[in-house]
Amino acid sequence: MRAKAAGMHSKDCVKVAVRVRPFNKRERDAGSRCIVSMVTSSITIQDPRESQSRRSFCFDYAYWSHSGFTRDRGGLYVPEEPGGRYSDQDSVFQDLGEGILENALQGYNATLLAYGQTGSGKSYSMVGYGPNKGLVPKLCDRLFQAIRENQDTRQCQVFFSMLEIYNEQVVDLLSRGSRTPGGLRVREEQQRGFYVEGLRTVPCDSAPQVEQLMEQGTRTRTTAATHMNANSSRSHMLIILQLKQIFSKESITKQSNINLVDLAGSERQRSSGSEADRLKEGTAINLSLTTLGNVISSLADVAVGKKVVHIPYRDSVLTKLLQSALGGNSRTVMIATLSPADICYEESLSTLRYAERAKRIQNRAVVNESPTERLVKELKAENARLLQRLSRLGQEGRRASDETKELRQLLTHNELQIRAIQTLWEQHLQEALKDWEQQYANITQERRMMQMHPYILNINEDTQLSGVVKLFIQEGEWDIGLCDSTPRYISIKGLGIQERHAVFRNEQRRVTLTPLAGSKVIVNGNSVSQTTELQHLDRLILGSNCTYLFIGFPSERGGDDWSRYDYDYFQSELAAAEGIHLGESSAGSSQTDPSLLAVFYDFIKLMPMVAEANQMSQELNKDVEFKLEIKNLALSDSKGHDLKKEIVIIVTAVGRKQVWMWSKTKFVNRKFLMEDAYQLHQAEKSRDNIAEGLSTAVLPRDKDPFWDPVEPLLLGSAHLWLQSLAFRIPLEEQLEVLGSEGTEEAILQAQLVPCTSTGLAQGEDDILIDPSELLGRRLDFQVVLEQCCGLRWIREARDRGVQIGFRLFDCSHPLYSPSVWHNVNPLLDHRVHFASLHTSQRLLDYLQSSAVVLELWGLQEGCTDLVSSLEGVRMTAEGIFIIEEAGPANPAPVDSAEISCSVRALQQDMEELKSVNSSLRKENHILREQLNAARNGGEGVRGRSVRPSCDAEFARSLKVFYHSMTSVRGQLQRLRRHRPSEDSDLLGFRLFVDEQSRLLRDFSEQLEQSVSTLKQDVAAIVRRKRERSGIWS
């Protein structure tokens, strides 16, 4: 369904279109649900965490491309039913492309911006895929069709340029020469505004020629991304079509620029906000997109009448070049693409907000008159004046011969200049046609080679850049690597590529790959070091992340569709080799948690970046290693619920044995800074300014992206359950401290000790049968941390220390034990006394259902200890922490209706309590009479009975039960952590199954024994009570 809210030319406002794409494989595997709905030009997005929270937006155009489509025989995606709601590529072009073309033909500058997160469908809408052509190729087809239709009334000239902005550097994608260090310069001229100095403009006279130039630019972009180790999803691509129309009869010329801009991915980095990277402002990778947002916000404020002092066009390269498109001389359209999946909610909402601001911008578009045409007119007018003067001088005789000679020279110069201007287009066009013929010859040669030899095909994260580079493996032996000095060499560049990296052999219609010493080669997800025979559609990764698909001999190919082997497929294979399998659910109806799948996909996405960071660290001699980890994978909160999973990167300075934990956001930011440092190192190395094998020392330590000040590190946690405190039963446990991924970090000996207000431990006589007896009474207890055993953190490096941190009930800040250093089995002997002055039902519920989470923090030499914050904490003079007062200090105001409801509920509770109390009083009276009768009868002993009371027996039984359940809980934790080894064979799996069965049997026996013992004890207590009642009665 496509909806159009207003005409294209009613105002010079920025027109905004939003397009919703189908689910991709990742979202389908994650079991995502659609949270976006569309009615005419209105879009509504729902918060997946809160079904009642919805946001609605209205735009000029809205396109539903999520569902309701089918693929015809030609590969085109079309609506399932005629007139269906699905918007195909033609629908989008009719609204947006036709309007841009019409504006350009009228002489206006026109701009199309594509905005959205990476993978949201920007490139598909702009360029398209296969037969589903996007806006750019369709626009070029229609442009040259319009030129042919109007060739009788006007002469048209089209110039094509293509550039990329990455990290604030401009790269000419059509340049014939080598890349300019630091990129091309952006300059400003009063008439032209901002422009790129030295940008190549190629004249074109057909759509196939433009298509060929786009393919050439894409090839350059792919190669540059590999050489620079750049991420194409973080770069902006601009295509500039200059259209000049000369109307001979009217003696006017219209000149317009069509800017087609594919913006970098707009995804928001998920961050808790608790960290602040000291180098956060050091990278320019996001500067253009951030500045573009600031410009749009400022222009939106101007449009609604707010006073804006400054619009920051000059703050980035992108906004300089788009100044005319935003608030200037252009008619502009923005297409915002988004995913409707619940796991992309934050990014999609951010895209919609961005687009909503953009639609308020107003431009001032005017028809452009060519400065070249004005120059021709001025020269012709000057020639007419010169001829007039010459005729007058001729009448005056020879005295003016010298002046006549000078005027004739000037006249000749002007005529040559006019002729040069008029023939310039033809010359440029002839040169471009020669280039086009050469490119066509190269393409023909490449296609011929594809039908003769096997080859490897590049695979890129950006699908538009995949399949661009083809490296042919002809008969014989071929070295592949950096060096290209020998004739039988395949030259590639990238991180981790050696001078001689590997050897391809094509003999007897068999192709083998042999890695050379020190080189990294992965085939189908597995690292190889020996000669490997390649099969058709094998996946190769050379170095850190140079990904290629092997295409076998023509006879082996058949009708295979290699498009399914995309970049994600390569990374999923690598993840599978590390034991992470996605998209696999059980045979039943249950599915993996979508949020967990989303984290795993983040893991896969970051894998190549971590590999590249490790390679840069190695080449720069930084001695730093990076490792991906899923934080909280095996951890839970105080209620036992799983904690939110997120990706972290463990950074280790190997020599100094220092460790940091970086968030995904921080790592991505640092990775771009590492690329800057690496490129600087490579530039200096190429100029021979540094010795072979030595790292550059251009960055001071505080600017080094590989370094950070040391800080405490969360190693893991253990749970000490508080249920025994509700019965005033002491508890002593040996707790396993588990790391994020379930590894055992240490054993922690801890106790819960019910005590008196003076700190003396309470005995068995103080055990309660019913926890409700605590209501309204004081409760004192101590948390005792005795000893840590087997600290892996300190076993790895003796100059380290640890602290234990925890928070209880409503404590807003954690409390920390004193630090202990250099000891694998340190004595902690840390005791904290807590007291509730007036135990409430809320505290009682907390004790019966929660645990105190004991966090193990690792300290490193040079970092400061963690200090308990006592802000907002009430303590007695004896150092007792008060966790609950006698009543609420500042009750929140409530209205009268709430008060009356509460009063009625309390009255009902009071009546029930009175009834229960009355029954208990009667029962108590009967028991007292029976006890007195027994005493008076003389059959009992004098004074206090020596028989243990039923209450005490029951309390002891409960205590035994709770201690046995602690053992059962430990057995359950061992079961949850028990997993087969990653490299297990069939025998290993059988042994794992046998061990799992034994653990299950032990768990079942322990649980059954604990419950059976409790039942027997309770039955014995009841039997004895009945016997005594019979005797005493």
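Note that the coordinates shown come from a computational prediction; the quantities given were computed from them, not determined experimentally.

Engineer: Teacher, can you tell me more about the sheet that holds strand β31 (residues 624-631) here?
Structural biologist: Strand-to-strand pairing in sheets goes through backbone hydrogen bonds, with the strands running parallel or antiparallel. Strand order in the open sheet formed by 3 strands is β31-β32-β33, with antiparallel pairing between adjacent strands. Whereas interior strands pair on both sides, the edge strands pair on one side only; in this sheet they are β31 and β33 (658-663). The sheet shows a mean angle of 25° between the axes of neighbouring strands, direction not considered. Examined bridge by bridge, strand β32 (residues 646-653) and β33 share 6 bridges and lie antiparallel to one another. What sits directly across from Thr652, in β33, is Val659.

Engineer: Teacher, can you tell me more about the pattern of salt bridges here?
Structural biologist: Pairing is possible between side chains of opposite charge, provided their charged atoms come close. All chains considered together, the criterion is met by 22 salt bridges. Across the salt bridge formed by Lys133 and Asp141, the nearest N and O atoms sit 3.8 Å from each other. The partly exposed category is assigned to Lys133, whose relative accessible area is 33%. Sharing partners across several salt bridges, the network here consists of Glu745, Arg792, Glu796 and Arg800.

Engineer: Sorry, what's going on with the nonpolar core here?
Structural biologist: Within soluble globular proteins, side chains that are nonpolar tend to cluster in buried spots. Counting 53 residues, the largest nonpolar core has Leu785, Phe834 and Leu854 as its most contacted members. It is strand β37 (residues 779-789) that contributes the most residues to this core, 5 residues altogether. When near neighbours in sequence (up to four residues on either side) are disregarded, Leu854 contacts Gly716, Ser717, Ala718, Leu720, Leu735, Leu748, Ala750, Leu785, Ile804, Gly805 and Phe806. Counting 50 residues, the second-largest nonpolar core is a separate cluster that includes Ala575, Ile580, Met616 and Phe626.

Engineer: Is there a simple way to think about the sheet that holds strand β23 (residues 489-491) in this case?
Structural biologist: As summarised here, the arrangement of the 5 strands in space is β23-β22-β24-β25-β28, forming an open sheet in which the pairing is mixed. Two strands bound the open sheet, and with one partner strand each, they are β23 and β28 (532-533). Where strand β24 (residues 502-507) and strand β25 (residues 510-515) come together, 6 bridges link them in antiparallel fashion. The partner of Phe504 across the bridge, within β25, is Leu513.

Engineer: Would you mind showing me how to read helix α4 (residues 135-149) here?
Structural biologist: Every α-helix carries 3.6 residues per turn, so stepping three or four residues along brings you back to the same face. In this model, α4 (15 residues) spans 21 Å end to end at C-alpha, consistent with the 21 Å of a helix rising 1.5 Å per residue. Taken residue by residue, α4 has Leu135, Val136, Pro137, Lys138, Leu139, Cys140, Leu143, Phe144, Ala146 and Ile147 as its buried positions.

Engineer: Is there a simple way to think about the packing of helix α6 (residues 287-303) against helix α8 (residues 345-358) in this case?
Structural biologist: Two numbers describe a pair of packed helices, the interaxial angle and the distance between the axes. For the pair α6 and α8, the least separation of the axes is 8 Å and the interaxial angle reads 45°. The angle between the axes of α6 and α8 places the two elements in the oblique class. As for how α6 packs across α8, the hand of that crossing is left-handed. Mapping the contact onto sequence places Leu289, Leu292, Gly293, Ile296, Ser297 and Ala300 in α6 and Tyr354, Arg357 and Ala358 in α8. Of the residues assigned to the contact of α6 with α8, the class counts are 6 nonpolar, 2 polar and 1 charged.

Engineer: Looking at this structure, how should I read the pairing of strand β13 (residues 169-172)?
Structural biologist: When a strand is regular, its side chains alternate between the sheet's two faces. Every second residue of β13 is oriented toward a common face, with Gln169 and Val171 on one face and Val170 and Asp172 on the other, all of them buried. Here 4 bridges tie strand β12 (residues 155-166) to β13, and the two strands are oriented antiparallel to one another. If you follow Leu163 over to β13, its bridge partner there is Asp172. Where β12 folds back onto β13 in an antiparallel hairpin, the turn is made up of 2 residues, including Asn167, whose phi is positive at roughly 55°.

Engineer: Whenever I open this one, the packing of aromatic side chains confuses me. Can you help?
Structural biologist: The description of an aromatic ring pair rests on the distance of the ring centres and on the angle between the ring planes. Overall, the coordinates contain 14 aromatic pairs when judged by the stated rule. With 6.0 Å between their ring centres and 50° between their planes, Phe626 and Trp662 make a pair best called tilted. Within this pair, whereas Phe626 is found in strand β31, its partner Trp662 is found in strand β33, the two being separated by 36 residues in sequence. Like Trp662, Phe626 is buried. Members of the aromatic cluster, connected to one another through ring pairs, are Phe626, Trp662, Phe667 and Phe706.

Cut-offs applied
- Residues numbered from 1 in each chain as written.
- Predicted model: local features only at pLDDT ≥ 70, side-chain atom pairs only at ≥ 80, totals over all residues.
- Heavy atoms only, no water.
- Pairing = 2+ DSSP bridges.
- Helix = DSSP H or I, 4+ residues; strand = E, 2+ residues; numbered from the N terminus.
- Axes fitted to C-alpha atoms, helices over the stretch in contact; angles between N-to-C directions.
- Salt bridge = Lys/Arg side-chain N within 4 Å of Asp/Glu carboxyl O.
- Buried < 20%, exposed > 50% of the residue type's maximum accessible area, 1.4 Å probe, protein only.
- Core = buried A, V, L, I, M, F, W, Y, C linked by side-chain atoms within 4.5 Å.
- Contact = heavy atoms within 4.5 Å.
- Expected span 1.5 Å × (residues − 1).
- Parallel < 35°, antiparallel > 145°, perpendicular 65-115°, else oblique.
- Left-handed = near helix turned anticlockwise from the far one by under 90°.
- Nonpolar A, V, L, I, M, F, W, Y, C, P; charged D, E, K, R; others polar.
- Phe/Tyr/Trp six-rings, centres within 6.5 Å; stacked < 30°, edge-to-face > 60°.

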